[in-house]
Amino acid sequence: MNNLLNLITLPINQSSSNQSILETNKHHFTPMSSSTTTVGRRLMALSSSISFSMSSLVSTRRGGVSKRGFAALASADFANENREFVIVGGGNAAGYAAREFVEHGMAHGRLCIVSKEAYAPYERPALTKGYLFPHDKKPSRLPGFYTCVGAGGERQTPEWYTDKGIEMIYEDPVTETNFEKQILTTESGKVLKYGSLIIATGCTASRLPEGVGGNLLGVHYIREVVDADSLVSSLEKAHKVVVVGGGYIGMEVAAAAASWKLDTTVGIYFSFFYSSIQALGRGEHLLPRLFTSSLAQKYEALYQENGVNFVKGVSIRSFEAGSNGRVNAVKLENGSTIDADTVIVGIGARPNVGPFKGIALNKNLGGIQVDGQFRTNAPGVFAIGDVAAFPLKLYDRMARVEHVDHARRSALHCIRTLLTANTHPYDYLPYFYSRVFEQEGSSRKIWWQFFGDNVGEPIEIGKFDPKIATFWIESGKLKGVLVESGSTEEFELLPKLARSQPFIDIAKLQGTSSVEEALEVARTSLQRQKKVSG
């Protein structure tokens with residue numbers, strides 16, 4: 001069983017040059033002392049000259065579709081053209097970072113967010129879940145999932161940014177950065193001077209090459225609202241759907257697609273779902289970087305009950321187009337062909353680091369190298385969310401985590417470091433979850449949560465119906481735990497177990513007959529450990 005993070009983590013004492021990561025940080029980072037951090041950064045920002053004139057045209061629609069390159073002014077305070085803080089990227093992390101600036105009283109007239117999208121920051125996980133439901137199943141739509149509703153916070157609509165005096169620049173991504181002069185250049189040619197810069201550009205969906213039909217009409221990749229809108233439009237007319245990839249995106253999109261009632265020439269709707277593409281190095285079952293083979297089989301059975309078929313162990317040769325230029329088939333290496341009028345590709349993502357030439361990258365993980373406060377090697381520059389390769393303190397290794405929970409938490413930690421005397425390193429506990437088949441009328445809604453590290457021996461307890469759990473034990477210690485369909489109390493126990501890593505009596509755990517009994521064994525071990533250490 002491969003470690004969940006094994007493709008995006010490495011021991012903290014490794015680097016591509018065989019040099020210690022800690023030594024690299026020591027050479028590259030020159031953090032200010034805690035007593036001068038805020039004052040020093042404020043002086044640096046206030047001394048910055050602004051070379052961009054805000055006389056450019058203003059968007060007539062905040063957070064909506066606007067002409068490319070137009071700036072949306074959220075506050076007249078920016079007439080003095082002083083950008084003390086700039087966030088590049090308009091995703092989850094940017095929204096939570098903005099809230100933190102507001103709570104510290106440092107947003108109004110000081111903060112600017114530059115985004116490639118036409119929308120204010122939103123909770124991106126919705127795009128592969130509720131957003132794809134058919135119209136009669138109450139699909140999610142904006143403004144329903146603007147940040148920060150995903151963590152129980154206020155819904156930050158475009159008007160919220162206006163009210164808080166935050167400058168928003170939509171549909172004009174940064175294309176070039178001069179760290180020495182502290183200057184950003186956008187796609188439209190705008191030049192922005194910053195005092196402190198937070199890079200929150202996230203990732204871009206990995207695409208199949210044009211030569212195999214990766215850009216045909218009807219072939220979809222999901223990362224933004226516009227992508228999800230395009231897919232919904234295709235699903236409205238679709239008869240046969242192929243989903244390429246058995247990871248997060250594939251699982252969630254296939255579940256959402258199964259909720260559509262689509263006409264077909266034979267009167268049966270099939271969603272063909274590829275959980276193993278040999279040419280792409282995929283595993284042989286659903287979510288192979290986390291699920292054990294046994295657990296995956298149970299999920300696959302549920303998908304099949306919902307009309308999703310699986311084809312495994314094949315290689316895709318190409319996507320074929322019809323006379324109208326739209327995809328109409330998937331051609332396999334074994335010579336067979338599967339009809340398809342809609343294809344969704346979910347084969348991973350790449351961090352958006354292109355505009356940041358000269359900044360230190362972690363070549364093994366593919367992201368921007370940061371320390372425990374999310375500082376890069378460039379003075380006054382931070383990186384958060386999916387794009388950041390950071391020290392995973394709990395497991396003593398470097399990591400890059402593509403998940404909304406990390407995006408939120410890294411944003412909060414970074415901004416608190418920037419605006420206060422906080423010097424505590426980020427101490428993240430890996431957390432992953434998914435919810436599928438949540439549409440109205442679904443016979444069973446699925447929701448699993450995982451905390452920790454999936455290393456060691458997996459022990460599966462319980463039946464899939466009504467619930468199941470998997471515990472990963474290494475050298476007698478609980479390293480990670482996954483529970484499907486748990487109660488609120490059970491889910492709240494999981495991070496405590498994963499962080500404390502209590503010693504577990506494996507025989508006693510294996511002797512339990514239900515998830516409830518197994519979690520009670522783990523809880524008792526945790527309490528015993530606390531008494532000993534306390």
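Here the structure is a predicted model, which is why all the values come from computation and not from measurement.

**Overview of the sheet that holds strand E8 (residues 196–199)**
Consideration 1: If you trace the five strands from one edge of the open sheet to the other, you get E4-E3-E2-E8-E21, paired in parallel fashion. Two strands bound the open sheet, and with one partner strand each, they are strand E4 (167–169) and strand E21 (381–383). Strand-to-strand twist of the sheet, defined as the mean angle between neighbouring strand axes without regard to direction, takes the value 15°.
Consideration 2: In the packing of helix H3 (residues 92–103) onto the sheet, the strands contacted are strand E2 (85–88), strand E3 (111–114) and E8, and the crossing angle to E2 comes to about 165°.
Consideration 3: Packed onto the sheet, helix H8 (residues 404–419) meets E2, E8 and E21 and runs at close to 170° relative to E8.

**Quick word on helix H11 (residues 515–533)**
Consideration 1: Between its first and last C-alpha, H11 extends 27 Å over 19 residues, near the 27 Å set by a 1.5 Å rise per residue.
Consideration 2: Within the span of H11, buried status applies to Val515, Ala518, Leu519, Val521, Ala522, Ser525 and Leu526. Seen along its axis, H11 keeps its buried residues to an arc of 150°; they face one direction.
Consideration 3: Elements in contact with the buried residues of H11: strand E26 (457–461), strand E27 (468–474), strand E28 (477–484), helix H9 (488–500) and helix H10 (506–510).

**Side note on the packing of aromatic side chains**
Consideration 1: The tally for this structure, following the rule as stated, stands at 19 aromatic pairs.
Consideration 2: Both rings, one in phenylalanine 291 and one in tryptophan 448, keep their centres 5.6 Å apart while their planes meet at 70°; by these two values the pair is edge-to-face. Linking phenylalanine 291 in the loop between strand E12 (270–274) and helix H7 (293–305) with tryptophan 448 in strand E25 (residues 446–452), this pair joins segments that are 157 residues apart in sequence.
Consideration 3: When its relative accessible area of 0% is taken as the criterion, phenylalanine 291 is described as buried.
Consideration 4: The class of tryptophan 448 is buried, set by a relative accessible area of 2%.
Consideration 5: Through a chain of ring-to-ring contacts, three or more aromatic side chains come together here, namely Tyr248, Phe291, Tyr299, Trp448 and Phe464.
Consideration 6: Positioned above the aromatic ring of tyrosine 131, the side-chain terminus of arginine 141 is 4.1 Å from the ring centre.
Consideration 7: When the ring centre of tryptophan 447 is taken as origin, the NZ or CZ atom of arginine 435, which lies over that ring, is 5.9 Å away.

**Things to note about the pattern of salt bridges**
Consideration 1: By the definition in use, this model includes 22 salt bridges.
Consideration 2: Note that glutamate 224 and lysine 116 form a salt bridge whose closest N and O atoms lie 3.3 Å from each other. Of the two residues, glutamate 224 sits in the loop between strand E10 (219–220) and helix H5 (225–235) while lysine 116 sits in the loop between E3 and helix H4 (158–163), which places them 108 residues apart along the sequence.
Consideration 3: Among the residues examined, lysine 116 registers a relative accessible area of 48% and is labelled partly exposed.
Consideration 4: Where glutamate 402 meets arginine 400, a salt bridge forms, and the shortest distance between an N and an O atom there is 2.8 Å.
Consideration 5: A relative accessible area of 29% places glutamate 402 in the partly exposed class.

**Examining the pairing of strand E6 (residues 183–186)**
Consideration 1: Here E6 shows one buried face, formed by Leu184 and Thr186, and one open face, formed by Ile183 and Thr185.
Consideration 2: Note: strand E5 (residues 174–178) against E6, four bridges, orientation antiparallel. If you follow glutamate 176 over to E6, its bridge partner there is threonine 185.
Consideration 3: In this structure, the hairpin formed by E5 and E6 is closed by a connection of four residues, where glutamine 182 is found at a positive phi of approximately 55°.
Consideration 4: Here three bridges tie E6 to strand E7 (residues 191–193), and the two strands are oriented antiparallel to one another. Note that in E7 the partner of isoleucine 183 across the bridge is lysine 193.
Consideration 5: With antiparallel pairing between neighbouring strands as the criterion, E6 and E7 make up a hairpin whose turn holds four residues, including glycine 189 at a positive phi of roughly 100°.

**Side note on the side chain of threonine 512**
Consideration 1: Checked against the element boundaries, threonine 512 lands in the loop between H10 and H11.
Consideration 2: Take threonine 512: its relative accessible area is 13%, and that puts it in the buried class.
Consideration 3: Polar contacts involving the side chain of threonine 512 include one to the main-chain carbonyl oxygen of leucine 509, which spans 2.7 Å.

**Regarding the packing of H3 against H8**
Consideration 1: Here H3 crosses H8 at 35°, and the two axes come no closer than 8 Å. Handedness of the H3/H8 crossing: right-handed. Contacts between H3 and H8 involve Asn92, Ala93, Tyr96, Ala97, Arg99, Glu100 and Phe101 from the former and Val404, Ala407, Arg408, Ala411, Leu412, Ile415, Arg416, Leu418 and Leu419 from the latter.

**Quick notes on the nonpolar core**
Consideration 1: Residues Phe101, Phe291, Tyr303 and Phe471 are the most contacted members of the largest nonpolar core, which totals 133 residues.
Consideration 2: Contacts of tyrosine 303, omitting those with residues within four sequence positions, involve Met251, Glu252, Ala254, Ala255, Leu286, Val308, Phe310, Val436 and Phe437.
Consideration 3: Listed in part, the 17 residues of the second largest apolar core include Tyr221, Val244, Phe319 and Val330.

**Overview of the sheet that holds E7**
Consideration 1: Spatially, E5-E6-E7 is the arrangement adopted by the three strands of the open sheet, whose pairing is antiparallel. The sheet terminates laterally at E5 and E7, the two strands that pair on one side only. Taken pair by pair, the neighbouring strands of this sheet meet at an average axis angle of 25°, ignoring direction.

**Things to note about the environment of phenylalanine 390**
Consideration 1: Residue placement: phenylalanine 390 occurs in strand E22 (residues 388–392).
Consideration 2: Classification of phenylalanine 390 by relative accessible area gives buried; the value is 1%.
Consideration 3: In this structure the C-alpha to C-alpha distance between phenylalanine 390 and tyrosine 426, which are 36 residues apart in sequence, comes to 8.6 Å.
Consideration 4: When residues no more than four places from it in sequence are discounted, the contact partners of phenylalanine 390 are Val370, Phe374, Arg397, Met398, Ala399, Arg400, Val401, His406, Tyr426 and Tyr428.

**Concerning the environment of valine 370**
Consideration 1: By the element assignment, valine 370 lies in the loop between strand E20 (367–369) and E21.
Consideration 2: Given the relative accessible area of 0%, valine 370 is considered buried.
Consideration 3: In this structure, the C-alpha to C-alpha distance between valine 370 and isoleucine 384, residues 14 residues apart in sequence, is 8.7 Å.

**Digging into unusual backbone geometry**
Consideration 1: Here the bond from leucine 142 into proline 143 is cis, since omega is 15°, no more than 30 degrees from zero.
Consideration 2: The topology assignment puts proline 143 in the loop between E3 and H4.
Consideration 3: With an omega dihedral of 15°, the bond running from threonine 147 to cysteine 148 counts as a cis peptide bond.
Consideration 4: Here cysteine 148 lies in the loop between E3 and H4.

Rules used throughout
- Residues numbered from 1 in each chain as written.
- Predicted model: local features only at pLDDT ≥ 70, side-chain atom pairs only at ≥ 80, totals over all residues.
- Heavy atoms only, no water.
- Pairing = 2+ DSSP bridges.
- Helix = DSSP H or I, 4+ residues; strand = E, 2+ residues; numbered from the N terminus.
- Axes fitted to C-alpha atoms, helices over the stretch in contact; angles between N-to-C directions.
- Contact = heavy atoms within 4.5 Å.
- Expected span 1.5 Å × (residues − 1).
- Buried < 20%, exposed > 50% of the residue type's maximum accessible area, 1.4 Å probe, protein only.
- Arc of directions from axis to C-beta.
- Phe/Tyr/Trp six-rings, centres within 6.5 Å; stacked < 30°, edge-to-face > 60°.
- Lys NZ or Arg CZ within 6 Å of the ring centre and 35° of its normal.
- Salt bridge = Lys/Arg side-chain N within 4 Å of Asp/Glu carboxyl O.
- Polar contact = N/O pair within 3.5 Å; in protein donor to acceptor, adjacent residues only side chain to side chain.
- Left-handed = near helix turned anticlockwise from the far one by under 90°.
- Core = buried A, V, L, I, M, F, W, Y, C linked by side-chain atoms within 4.5 Å.

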